[in-house]
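Listed here are the chains, written in short residue letters.
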Amino acid sequence: RAIGSSLAIAHPELTFFGEESGYSEDLPNFCCLIDALDGTKSYIKNEPAFTGMAVLIEDGYAVASLIYNYTTDEIFTAFRGIGAYKNGVKLDISQTEMPKTAFCRERMVEDVNKLLVEKESSIICESGPSGAGYGFSLVADGKLAARFNFPHFPGGGHIHDYAPGALLVEEAGGVLINIEQTSDYSIHTKSFVACHPQIAPVLSGL
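This section reports on the structure supplied with the text. (Residues numbered from 1 in each chain as written. Predicted model: local features only at pLDDT ≥ 70, side-chain atom pairs only at ≥ 80, totals over all residues. Heavy atoms only, no water.)

**Thoughts on the environment of glutamate 74**
Here's step 1: Within the secondary structure, glutamate 74 sits in strand β5 (residues 74-79).
Here's step 2: Distance in space between the C-alpha atoms of glutamate 74 and glutamate 25 is 29 Å, their sequence separation being 49 residues.
Here's step 3: The residues contacting glutamate 74, other than those within four sequence positions of it, are Ile67, Tyr68, Asn69, Lys86 and Asn87.
Here's step 4: There is a polar contact of 3.1 Å between the side chain of glutamate 74 and the side chain of threonine 72.
Here's step 5: A polar contact of 3.3 Å, which involves the side chain of glutamate 74, links it to the side chain of lysine 86. (Helix = DSSP H or I, 4+ residues; strand = E, 2+ residues; numbered from the N terminus. Contact = heavy atoms within 4.5 Å. Polar contact = N/O pair within 3.5 Å; in protein donor to acceptor, adjacent residues only side chain to side chain.)

Next comes the structure, spelled out in structure tokens:
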């Protein structure tokens, strides 16, 4: 409520939705989604992997996003067609060496690693800490090869969970691979991989 109230003063033309307030995925043409605490389990465990996130949606596309790590004071921002930034410094993961580690949910680690072996990939998947924003920001920062985004159940999760980080990775030079269907990623996609461009050809077709 505090975040929404402050933003409403600065931008009265915007409609705001929060995770706690709920919303329909049939969104207005221009709105902002806020996830004040992403990675609740990490917060409870005192792991530095919980973040605050926001994403601006226009005509069905994420056009700007923000991920703030409360414990490290790192702020990641992304603007469609302009780029991604960490504390104001532009990110370009295509210029970084691909890390050897990826994250996915614990229940999927064994299956994902089997797929990676079959595809002769050198990366190893681990169960990362709770928090989509944290995982996506690591990919955008060149510290993680990929984040496999598999919801708890088919179709699970919401736009505010994934759209901020997906835009961040894409604008940082990463690749989004939709593994729900053959079409490209959209803000309504729930199962996808956000990855370093070097590993994208290997992961395509999962």
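After presenting the structure, the write-up continues.
**Digging into the packing of aromatic side chains**
Here's step 1: Going through the model one piece at a time under the given rule, you end up with eight aromatic pairs.
Here's step 2: Ring pairs connect the aromatic residues Tyr43, Phe50, Tyr68 and Tyr70, which therefore count as one cluster.
Here's step 3: The residue whose ring lies beneath arginine 147 is phenylalanine 136, and the NZ or CZ to ring-centre distance is 5.1 Å. (Phe/Tyr/Trp six-rings, centres within 6.5 Å; stacked < 30°, edge-to-face > 60°. Lys NZ or Arg CZ within 6 Å of the ring centre and 35° of its normal.)

**As for unusual backbone geometry**
Here's step 1: Phi at asparagine 46 takes a positive value of approximately 60°, unusual for a residue other than glycine.
Here's step 2: The topology assignment puts asparagine 46 in the loop between α2 (40-45) and β3 (51-58).
Here's step 3: Take asparagine 46: its relative accessible area is 64%, and that puts it in the exposed class.
Here's step 4: Its identity is not glycine, yet aspartate 59 carries a phi of approximately 50°, on the positive side.
Here's step 5: Looking at the secondary structure, you find aspartate 59 in the loop between β3 and β4 (61-69).
Here's step 6: The exposed category is assigned to aspartate 59, whose relative accessible area is 54%. (Buried < 20%, exposed > 50% of the residue type's maximum accessible area, 1.4 Å probe, protein only.)

**Brief notes about the packing of helix α4 (residues 132-140) against helix α5 (residues 159-171)**
Here's step 1: One can describe the packing of α4 onto α5 by two numbers: an axis separation of 9 Å at closest approach and a directional angle of 5°. Judged by the inter-axis angle, α4 sits roughly parallel to α5. On α5, the residues touching Ala132, Phe136, Ser137, Val139 and Ala140 of α4 are Asp161, Tyr162, Gly165, Ala166, Leu168 and Val169.
Here's step 2: When its residues are assigned to classes, the contact of α4 with α5 shows eight nonpolar, two polar and one charged. (Axes fitted to C-alpha atoms, helices over the stretch in contact; angles between N-to-C directions. Parallel < 35°, antiparallel > 145°, perpendicular 65-115°, else oblique. Nonpolar A, V, L, I, M, F, W, Y, C, P; charged D, E, K, R; others polar.)

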